[in-house]
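Tertiary structure, described
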Amino acid sequence: MKHNLKAEMRESMDALHFSQEDKNAMIRNLTAQMKETQPRKRSSRKLMIVALAATMLLATLTGAAVFTRWSTTAQIRYNPSEDVKEQAEKSGLSVMLEETKGEENPNEVLSVTDQGITITAVQTIVDEYGAELTFRIEGFELPEDRDPGTWPIVTIDGDLNFYSSQSGGFFDGTTRNEEGKRVYVSTGEPVRSRDDEFNSVILDYVADDGSLEFTHHISFNKTDGRYFGKEIQVTFPYIGIQSTQKAGPDERVVEGNWTLRWTLTGTSDSITITPNAKIGDSDVILLDAEIGQKTIRARYKVDDYWEGWNELVTLPQAVQGVRMKDGTQYICGAATSGFEDQENMIYFTESDMFDAILDVSQVESLMFHKGWDLDAEGKPTIQTFYYIPVANN
């Protein structure tokens, strides 16, 4: 008799009432760990599966351990430790929406099926400055060698004009390895390219279960936390594929009405420093900075304009990342910037962390561009930084 290990796991966890999302996550983790030591007897295997599933359930219920699973997009992008996940969830920065739905929120709609396609709100990562909303899309068959496309309409309390910018995209199944090379998440193999005039890369959008993940990024127009506690509504009018024409509109493969809504929550937690210090060998002064788990807002005193300032070129001396107490460095980039007080030459940046959610208690210093060192091939590819310490500020 042929045995299907993943099917047996699902059957065993069905009896314990795990959600489909949790079952899929556990299966991936368990099968990865079991590859090296497969049990010899089929009968003992199923007992072990039940025991593992039961142990996970009991650990969650008793608080002895927490099985914290984030969306694939957030997990791969930020690679957070369990401690950072716990901090993000306790502060309200990260919310796994399917875990929060209850009788106290009867008007929430977190999953909608239309035209045979189901869209589910999975995770939000929200602070005063912006939001990342991740959705799972099931039932859509992506044509071979095409990129998925969609664009939602978002309102907060019915208002369309709550944002300064929006962007979005699908998880493409790739990441960077320790050498900085782009590889497939599923195999660790280098990303392949097509033999076409653009040498375009071959991406891996579709998960093992056939689903897609789409993340919508929003920068808020007002950054005082006023959107917390209000209803956010996200409507997907179509699921399709991106145009093969440059800057062309998406091709709408399936049109429908997928409208989801819930109460938006987030965090305002941050630490503030006031170094009033010069940045490197420039005359630009870092006046102060608010360092949050996801966003850094900094203010600068500048003595003159710089090339491109009137074309929205960001201040060259603006903060570019953080160095942690263990020496790890994380990069950020200005999502919003401009003159807060042009008469007095006070400039600000609101910078989004690219690849980390911070444990702010472990931030050692802020980083600012210094120059470029040469790599082994003599090319200026290694960025160097000035540092302004967080302690004693």
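Presented here is a report on the structure given in the accompanying data block.

Reading the values: the criteria
Residue numbers restart at each chain and count upward from 1, following the sequence in its written direction. Reporting of local features is limited, given that this is a predicted model, to residues whose pLDDT is at least 70; pairs of side-chain atoms are given and counted only at 80 or more, and all residues count toward the totals for whole chains, interfaces and linings. Hydrogen atoms and water are omitted, and side-chain values are computed over all heavy atoms in the structure. In these notes, a set of buried Ala, Val, Leu, Ile, Met, Phe, Trp, Tyr and Cys residues joined through side-chain atoms within 4.5 Å is what counts as a nonpolar core. For every residue, the accessible area obtained with a 1.4 Å probe (protein chains only) is divided by the maximum for its type, and the residue is called buried under 20%, exposed over 50%, and partly exposed between those limits. Starting at the N terminus, helices and strands are each numbered in turn, a helix being any DSSP run of H or I of at least four residues and a strand any DSSP run of E of at least two. Contacts are assigned to residue pairs with any non-hydrogen atoms lying within 4.5 Å of each other. For this document, the term salt bridge refers to a Lys or Arg side-chain nitrogen within 4 Å of an Asp or Glu carboxyl oxygen. Here is the rule: rings of Phe, Tyr and Trp (six-membered ring for Trp) pair when centre to centre is within 6.5 Å. Planes less than 30 degrees apart are stacked, more than 60 are edge-to-face, and the remainder are tilted.

Describing the nonpolar core
Among the nonpolar cores identified, the biggest contains 34 residues, and Ile119, Phe135, Ile137, Phe220 and Trp262 are the most heavily contacted of them. Counting residues per element, the ones that place at least two in this core are strand E3 (117–126), strand E4 (130–138), strand E6 (153–156), strand E10 (212–220), strand E11 (231–241) and strand E12 (251–263). Residue contributions to this core peak at five residues, all from E11. Aside from chain neighbours lying at most four places away, what touches Trp262 is Leu97, Glu108, Leu110, Ala121, Thr124, Leu133, Phe135, Lys230, Glu231, Ile232 and Val234. Listed in part, the 27 residues of the second largest apolar core include Trp306, Tyr347, Val363 and Ile388.

Some thoughts on the side chain of Thr118
Along the chain, Thr118 falls in strand E3. The exposure class assigned to Thr118 is buried, which follows from its relative accessible area of 17%. Apart from the residues within four sequence positions on either side, Thr118 is in contact with Ser111, Val112, Thr113, Arg136, Ile137 and Glu138.

A short note on the pattern of salt bridges
Under the criterion given, the structure shown has 20 salt bridges. In this structure, the salt-bridge partner of Lys278 is Asp283, at a minimum N-O distance of 3.4 Å. Between Arg299 and Asp288 there is a salt bridge, with the nearest N and O atoms lying 2.8 Å from each other. Linking Arg299 in strand E16 (residues 295–301) with Asp288 in strand E15 (residues 285–292), this pair joins segments that are eleven residues apart in sequence. Residue Arg299 is classed as partly exposed on the basis of its relative accessible area, which comes to 24%. Among the charged side chains, a network of salt bridges with common partners joins Asp288, Arg297, Arg299, Glu340 and Glu350.

Observations regarding the side chain of Thr384
Structurally, the position occupied by Thr384 is in strand E21 (residues 380–389). Thr384 sits in the buried class, given a relative accessible area of 18%. Apart from residues lying up to four places away in sequence, Thr384 is in contact with Phe368, His369, Lys370, Gly371, Trp372 and Asp373.

A closer look at the environment of Asp114
With respect to the helices and strands, the residue Asp114 is situated in strand E2 (residues 111–114). Considering only alpha carbons, one finds Asp114 and Val254, 140 residues apart in sequence, at a separation of 9.6 Å. Setting aside its immediate chain neighbours within four residues, Asp114 contacts Gly256, Asn257 and Trp258.

Description of the packing of aromatic side chains
Applying the stated criterion to the full structure yields 16 aromatic pairs. Between Phe135 and Phe236 the ring centres are 5.1 Å apart and the planes differ by 80°, which places this aromatic pair in the edge-to-face class. One end of the pair, Phe135, is in strand E4; the other, Phe236, is in strand E11, with 101 residues separating them in the sequence. A single burial state applies to Phe135 and to Phe236, both of which are buried.

Some details on unusual backbone geometry
With phi around 65°, Ala247 is a residue other than glycine that occupies positive phi space. Taking the relative accessible area as the measure of exposure, Ala247 reaches 81% and is therefore exposed. Phi at Leu312 is positive, roughly 70°, even though this residue is not glycine. Structurally, the position occupied by Leu312 is in the loop between E16 and strand E17 (319–324). The class for Leu312 is exposed, based on a relative accessible area of 77%.

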